[in-house]
There are 2 protein chains.
Amino acid sequence: MTGETTRAKATIVAADALTRFTTDVFARAGMSQAHAALVADVLVWANLRAIDSHGVIRAPRYVYWMSTGEINPTPAITVRTDTPAAVVIDADRAAGPIAMTTAMTAAVGKAREVGVGLALVRGTTHTAALGYYTLTAAQEGMAAIALAGSGPNMVYHGARAAGVSTAPISIAVPGGDGGPLVFDMGTGVIAAGRLLQARRTGQPIPEGAALDRSGNPTTDPKAAETPLPLGGPKGSGLSLMIECITSLVVSNAVLAEALEGTPLGRRHRQNGLALAIDVARFGDPVAFRGEVDRLVTALKALPRERNDVEILMPGERRRRAQERRTRDGIPLPRTLVDELRAVAERLGVPMFPQRNPA
Amino acid sequence: MTGETTRAKATIVAADALTRFTTDVFARAGMSQAHAALVADVLVWANLRAIDSHGVIRAPRYVYWMSTGEINPTPAITVRTDTPAAVVIDADRAAGPIAMTTAMTAAVGKAREVGVGLALVRGTTHTAALGYYTLTAAQEGMAAIALAGSGPNMVYHGARAAGVSTAPISIAVPGGDGGPLVFDMGTGVIAAGRLLQARRTGQPIPEGAALDRSGNPTTDPKAAETPLPLGGPKGSGLSLMIECITSLVVSNAVLAEALEGTPLGRRHRQNGLALAIDVARFGDPVAFRGEVDRLVTALKALPRERNDVEILMPGERRRRAQERRTRDGIPLPRTLVDELRAVAERLGVPMFPQRNPA
């Protein structure tokens, strides 16, 4: 759960200006205009939703991966297996947002025909904020699930070193007046991005959340290196199963290659899964949305833990952030602005206009 | 993770004798011989795997539900929606093991045709140990997922009362020499069954695991009543989404009815979901199983947390218990044996032969 970027050190940028800038960066680095615009949209959407760890902070790394060949800026995305309900999309190292959008679109198309659609993505890169894809599907009337298989950055239960990833899971369903419910979680006690953030801010790490480089528990923000799995064997087991049903089903192991230290295992690679269920195929979609709202109302009416605590639905805080940041702009830390400026200068892209902090 | 039943107070029963007995009980209570045998097999399987909370301890309650009409012993299971990839099974209040077995069989059949199969179960009862269904599918070459939507018995994050269920999730995939990986988790910090067990044994509840009747945190085994969600908003959000994609997709709300206290909400009802992915449709199934083993080997080679800790795979401890208990018998607490004897006497079923504790 990403907090607001500290205002004192932040620059405020309008979302559309940031999207134009990020599009220009990816286009100059070699992507088609359409691909550049889509990747930019996914990153800036994360910033709007205050998922800053998955926002434009990733752009310099994406540009770097385009230079090293991890990301193919002009991928030849092909379909490997195609049935009435399932498809394997060979992403040819496309940027994650390109591959995952292609996959979710395919899954939704299949679901409209036969009720459920499964799209497996083989060989993509950082899949960005999965909620973007499940929310899009939910807006089209689908219950949707997205998963990503990624490299080892989280402790496997019982070990003192990284063995699995903080594999993300997103689930979204259409809602009524409140809009879709959009659930997002990682399988770690703490997000890997939170550890990086803590290293910069010096804020202590909660107990039981991370190990240091030697594999010992720590709360020291300078030493914390590897997140522990949520609920011990639950988090690491879930992450292991996600690697199996994403990477291994499409014959593109990520974890084993990395753990064995093979040349392939040292490269940045991910696989993904998009599943869509067409709610209208199994019942009345208006009634479904009404039932979601009814359940939300019942949960919000529960007695609260404390008077100052609000009972929130999955994605509710994010939607509020999106409204606020769409109106007021996106706060970016000065250090990030400097990093983006360096990338822009190298590529000859004009910098986005900045507002003073509110 | 359920511990071994204390030997001192345990009776040892051979699995086949316990299965025969449990079959007789359900048949006498009104189920067909075939249904009775299947429900018994699922419960005794849980005992063999040392998931005793989902074993024959449930039999008296199942019999009670047959007498009250919650479980229909002679259900007319029908198909509501049927596409090449998806099916809704109207369970007509069939016992969970009957409905979930029917569903997973249907999902596997669809997956063989089109790569993926989704079976939604409408209106069943306690779905028992979900690993039974996913393991069966994995043994047929499938990656499989099973979910169940159930009544509120877990705190919703931010509330001080139950709002969602400790919704179970099971995922299994085919494996190589080590057999399938079978992952099972609930979405709570602690299982509801563990709280009941603690009430009997007096063992304290870990901090941060449960609330008492008034909604206050407690470690007192006599007072602990409602499990807290795993990872706060993660566990309760995941459980909420499971209700949406099981119960709400089939127009059979469980949580909202219960939270509103409607007559329907006071009855015992569940819905389920079975998803199968045919691994052979997307790659070489032998290579897949080899890759699972390769990953298992890499994870087991990680440096250990402590020397006395073993790095275990999902389901590994359970499989060992199954081997041990198949050979040595199943320990049942004396109180449970007494309860089963009472049911048996009422129904005129001969008691199973008991061995002395080893």
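What you see is a predicted model; the values in this text were computed from it and never measured.

Focus on the sheet that holds strand 9 (residues 181-185) of chain B
Residues and elements named next belong to chain B.
Then step 1. If you walk across this open sheet you meet the seven strands as 2-3-4-12-5-8-9, and the pairing is mixed. The outermost strands of the open sheet, each flanked by one partner alone, are strand 2 (78-82) and strand 9. Pairwise comparison of adjacent strand axes, ignoring direction, gives a mean angle of 15 degrees for this sheet.
Then step 2. Looking at chain direction, strand 5 (residues 142-149) and strand 12 (residues 270-278) are connected through eight bridges and run antiparallel. From the neighbouring strand, Ala144 faces strand 12, where its bridge partner is Ala276.
Then step 3. Lying over the sheet, helix 4 (residues 96-114) contacts strand 3 (86-90), strand 4 (116-124), strand 5 and strand 12, oriented at roughly 160 degrees with respect to strand 4.
Then step 4. Contacts from helix 5 (residues 131-139) reach strand 5, strand 8 (169-173), strand 9 and strand 12 within the one sheet, and its direction differs from that of strand 8 by about 15 degrees.

Section: the relation of the copies chain B and chain A
Then step 1. Superposition of chain B onto chain A requires a rotation of 180 degrees combined with a translation of 0.0 Å along the rotation axis, giving an RMSD of 0.0 Å. As the rotation angle and translation indicate, the two copies are arranged about a two-fold axis. Within chain B, the C-alpha atom positioned nearest to the axis of rotation is that of Ala85(B), 3.1 Å from it.
Then step 2. Comparing interface residues between copies, 100% of those in chain B also lie at the interface in chain A; the contact surface is shared.

Focus on the nonpolar core
Then step 1. Met104(A) and Met104(B) are the most contacted members of the largest nonpolar core, which has 257 residues in total.
Then step 2. The contacts of Met104(B), once residues within four sequence positions are left out, are Ala119(B), Tyr133(B), Thr136(B), Ala137(B), Ala144(B), Ala146(B), Ala274(B) and Ala276(B).

Some thoughts on the interface of chain B and chain A
Then step 1. Taken together, the contact pairs 65 residues of chain B with 65 residues of chain A.
Then step 2. Every element with two or more residues in the side of chain B that touches chain A is listed here: strand 3, strand 4, strand 8, strand 9, helix 7 (233-248), helix 8 (255-260), helix 9 (279-282) and helix 10 (285-300) of chain B.
Then step 3. Among the elements that make up the side of chain B that touches chain A, the one with the highest residue count is helix 7 of chain B (nine residues).
Then step 4. Residue composition of the side of chain B that touches chain A, grouped by class: 45 nonpolar, 10 polar and 10 charged.

Brief notes about helix 1 (residues 15-28) of chain B
Residues and elements named next belong to chain B.
Then step 1. With 14 residues, helix 1 should cover 20 Å at 1.5 Å per step; its first-to-last C-alpha distance of 20 Å lies within 8% of that length.
Then step 2. When helix 1 is considered as a whole, its buried residues turn out to be Leu18, Thr19, Phe21, Thr22, Thr23, Asp24, Val25, Phe26 and Ala27.
Then step 3. The inward-facing, buried residues of helix 1 abut strand 1 (10-13), helix 2 (33-48), helix 3 (59-68), strand 13 (330-333) and helix 12 (334-347).
Then step 4. Looking one or two residues beyond helix 1, the residue adopting positive phi is Gly30, at roughly 130 degrees.

What to know about the domain arrangement of chain A
Residue and element names in this part refer to chain A.
Then step 1. Segmentation of chain A into domains returns domain 1 (1-74 + 315-358) and domain 2 (75-188 + 229-301).
Then step 2. Put simply, the middle of domain 1 and the middle of domain 2, counted by C-alpha atoms, are 23 Å apart.
Then step 3. Listed as interface residues are 19 residues of domain 1 and, on the opposing side, 20 residues of domain 2.
Then step 4. Those elements that provide at least two residues to the side of domain 1 that touches domain 2 are helix 2 (33-48), helix 3 (59-68) and helix 11 (316-328).
Then step 5. The greatest single-element share of the side of domain 1 that touches domain 2, amounting to seven residues, is contributed by helix 2.
Then step 6. For the side of domain 1 that touches domain 2, a count of residues per class yields 10 nonpolar, five polar and four charged.

Section: the environment of Ala137(A)
All names here are of chain A.
Then step 1. Mapped onto the fold, Ala137 is located in helix 5 (residues 131-139).
Then step 2. With 36 residues separating them along the chain, Ala137 and Val173 place their C-alpha atoms 8.3 Å apart.
Then step 3. Ala137 has contacts with Met104, Val108, Met142, Ala144, Ala172 and Ala276, leaving out every residue within four places of it along the chain.

Structural notes on the sheet that holds strand 2 (residues 78-82) of chain A
Then step 1. Pairing is mixed in the open sheet, where seven strands are placed in the order 2-3-4-12-5-8-9 (chain A). Each edge of the open sheet is held by one strand with a lone partner, namely strand 2 and strand 9 (181-185) of chain A. If you compare each strand with its neighbour and ignore which way they point, the axes differ by 15 degrees on average.
Then step 2. Relative to strand 8 (residues 169-173) of chain A, strand 5 (residues 142-149) of chain A runs antiparallel, the two being bridged by four bridges. The residue of strand 8 of chain A that forms the bridge with Leu147(A) is Ile169(A).
Then step 3. Set on the sheet, helix 7 of chain B makes contact with strand 5, strand 8, strand 9 and strand 12 (270-278) of chain A; between it and strand 9 of chain A the angle comes to about 135 degrees.

A closer look at the packing of helix 4 of chain B against helix 5 of chain B
Helix-helix packing is characterised by the crossing angle of the two axes and by the distance between the axes.
Residues and elements named next belong to chain B.
Then step 1. Between helix 4 and helix 5, the least distance of the axes is 10 Å, while the angle of their chain directions is 30 degrees. Between helix 4 and helix 5, the angle falls in the class roughly parallel. Here the hand of the crossing between helix 4 and helix 5 comes out right-handed. Facing Met100, Thr101, Met104 and Val108 of helix 4, the residues of helix 5 in contact are Tyr133, Thr136 and Ala137.
Then step 2. Partitioning the contact of helix 4 with helix 5 into residue classes produces five nonpolar, two polar and no charged.

Cut-offs applied
Per chain, residue numbering runs from 1 following the sequence as it is written. Labels follow written order: the first chain is A, the first ligand is 1, and so on. Local features are withheld for residues below a pLDDT of 70 in this predicted model, meaning they are given only at 70 or higher, and side-chain atom pairs are given and counted only at 80 or more; totals for whole chains, interfaces and linings count all residues. A strand pair is defined by DSSP finding two or more bridges across the two strands. The secondary structure listing takes helices from DSSP runs of H or I that are at least 4 residues long and strands from runs of E that are at least 2 residues long, numbered from the N terminus. Angles shown run from 0 to 180 degrees and are taken between the N-to-C directions of axes, each axis being a line fitted to C-alpha atoms and, for helices, limited to the stretch in contact. Distance between backbone-placed C-beta atoms decides contact: two residues are in contact if it is within 7 Å. Superposing copies: least-squares fit, C-alpha atoms only, residues required to have pLDDT of at least 70 in both. What we call a nonpolar core is a set of buried Ala, Val, Leu, Ile, Met, Phe, Trp, Tyr and Cys residues whose membership is set by joining through C-beta atoms within 7 Å. Think of it as a crowd count around each C-beta: if 20 or more other C-beta atoms lie within 10 Å the residue is buried, if 12 or fewer it is exposed, and in between it is partly exposed, with C-beta placed from the backbone throughout. Following the grouping adopted for this structure description, the nonpolar residues are Ala, Val, Leu, Ile, Met, Phe, Trp, Tyr, Cys and Pro, the charged ones are Asp, Glu, Lys and Arg, and the polar ones are all others, Gly among them. To estimate how far a helix should extend, the number of its residues minus one is multiplied by 1.5 Å. Reported domain spans reflect what an automatic or database domain assignment gives. Here is the rule for angles: anything less than 35 degrees is roughly parallel, anything more than 145 is roughly antiparallel, 65 through 115 is roughly perpendicular, and the remaining ranges are oblique. Each crossing gets its hand from how the near helix is turned against the far one by less than a right angle, where anticlockwise is left-handed and clockwise is right-handed.

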